[in-house]
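Geometric and topological summary
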Amino acid sequence: MFNEELKSLKRLGFRHVLLQVLNFASVIASGLMIWKGLGLITNSESPIVVVLSGSMEPAFYRGDLLFLTNPSSEQYRTGDITVYKIPGQDIPIVHRVLETHDLVQKKKDKRAGLPAQQLMLTKGDNNAVDDVDLYRGIDFLEKKHIIGKVRGFLPYVGYVTIAMNDFPQLKYALLGGLGLLALIQRE
Amino acid sequence: MAPRKSANNGPEPRTPSPSRIEGVSSTSSSPERPVGPLSIPVSAGDREDIKVNNSNLTELKNALDDALKRYLARPELFKQSHQHTDVRLALGWLSVFVAAGTALYGYKVPFGESKPLVWIGLITYVVLTAVQSLYAFFIEGNVIFVGRRKTFSKRIITERITISSKTERVKNSKPPSYSLSLHYVRSTSGGKSLLAKGKKLGSQGYNTFFDGVGTLNQDKFERWVGELVEEAMEGKAS
């Protein structure tokens, strides 16, 4: 099946092979850069997340895609839906803010223009209890734990990511297929 | 001496003969004229069958571009300059490494601290990509072959040929065609004295060279290219 392509690759030489591999590599590179750029613009380490559990039903279901921003001047309020990560835990959690306590800001921080620190308590809409147990020791979330506030969402789209995590063969198959395509196609 | 035009279709070895050139009256430098591609035969052993998908215009153009490069880069003919390819490779791979490095750094270092360097990496990547695109658009353009040749007859003669190719799409009932634009310069004394300069345009439908299943008639294509190159080489000094 690949006989024709292998023959033509051998005939076209080393530079050509480098060019084809570059095609593939630069697609990946541009994807990475777009992701990093998005993260920098939204000031969030992961501006697009997938809902993994049903703890926010009926607002968000498993498989929804969420879009986050985290401007440094943001003051969170009760009712905001935030995505946070507890240090030491890998998985981000998306829950609603139940309580906020604005801390008194030191005068020098205020002069420096830094936003006031906050302590927050969250709870999933579909959960019976608030998140204190999830915090693993600390009593309130601080701003530094927050990845971002949800601004918008797309239903169902996140299932692709969930499928690729549950079946890693799918991920490798997709990557392998893309690689093969990029190496063989010429534009 | 073998006859110039033969009845059969096979590639026929032709020896470069001065009498052929003297027959043309207008060349000013006929005794010094270097050998053209038609005069150097292609041995049948060099040929591999080329078969492409003839519904795909990109594949058709690439096949002809590659055949042209192979034909003109043979020994005794032009030495291909890989500058455009090398620039694209250098800029491209550099931008890939910058992107990879930035992504790796952003992964290892916590988000807040990583921000300044990731900004730098991102801007560098965008600049490199922009330079690449500008180079390809303005400097490289449609060029597919840049070749030089130095021959030593009475003086050192330097030749430089630049060939661009374009696909012309289907128009009414005209089939898609392959259009070549050649630019040829022959000079001596390190480029200071111009001996000949030729510009040639040529266009043929893809169906002239490819048959119904997509096999390329390499001999026909090479003869067409060879004729265009030799006509460009005849160009008068301006």
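Scroll up for the structure.
Being a predicted model, the structure only gives us computed values, none of them experimental.

The rules behind these values
- Residues numbered from 1 in each chain as written.
- Chains lettered and ligands numbered in written order.
- Predicted model: local features only at pLDDT ≥ 70, side-chain atom pairs only at ≥ 80, totals over all residues.
- Heavy atoms only, no water.
- Helix = DSSP H or I, 4+ residues; strand = E, 2+ residues; numbered from the N terminus.
- Buried < 20%, exposed > 50% of the residue type's maximum accessible area, 1.4 Å probe, protein only.
- Contact = heavy atoms within 4.5 Å.
- Areas by Shrake-Rupley, 256 points an atom, 1.4 Å probe, with all protein chains shown as cover.

1. A few points about the overall build of chain B
- The helix and strand tally for chain B stands at 6 helices and 5 strands.
- For chain B, with 238 residues in total, the buried portion stands at 40%.
- Restricting the contact set of chain B to residue pairs at least 6 apart, pairs at least 24 apart contribute 64%.
- Here chain B displays about 13500 Å² of accessible surface, and carbon together with sulfur accounts for 57% of that area.

2. Thoughts on unusual backbone geometry
- Residue Pro-58 of chain A follows Glu-57 of chain A across a cis peptide bond; omega there is 0°.
- One can find Pro-58 of chain A in the loop between β1 (48–50) and β2 (65–69).
- Notably, Asn-43 of chain A is not glycine yet its phi reads approximately 60°, a positive angle.
- Tracing the chain through its elements places Asn-43 of chain A in the loop between α2 (14–42) and β1.
- Relative accessible area serves as the criterion here: at 14%, Asn-43 of chain A is assigned to the buried category.
- The backbone of Glu-76 of chain B sits at a positive phi, close to 80°, despite the residue not being glycine.
- Mapped onto the elements of the fold, Glu-76 of chain B is located in the loop between α2 (57–72) and β1 (79–80).

3. Examining the environment of Lys-115 of chain B
- For Lys-115 of chain B, the position within the fold is in helix α4 (residues 111–140).
- Judged by its relative accessible area of 25%, Lys-115 of chain B falls in the partly exposed class.
- Separated by 42 residues in sequence, Lys-115 of chain B and Ile-157 of chain B place their C-alpha atoms 57 Å apart.
- When neighbours within four sequence positions are excluded, Lys-115 of chain B is seen to be in contact with Leu-40 and Asn-43 of chain A.

4. Structural notes on the environment of Val-51 of chain A
Residue and element names in this part refer to chain A.
- Looking at the element boundaries, Val-51 is found in the loop between β1 and β2.
- For Val-51, a relative accessible area of 2% gives the class buried.
- As for Val-51 and Pro-155, which are separated by 104 residues in sequence, their C-alpha atoms are 9.7 Å apart.
- Filtering out sequence-adjacent residues up to four positions away, Val-51 remains in contact with Phe-60, Tyr-61, Arg-62, Gly-63, Asp-64, Leu-66, Val-94 and Ile-162.

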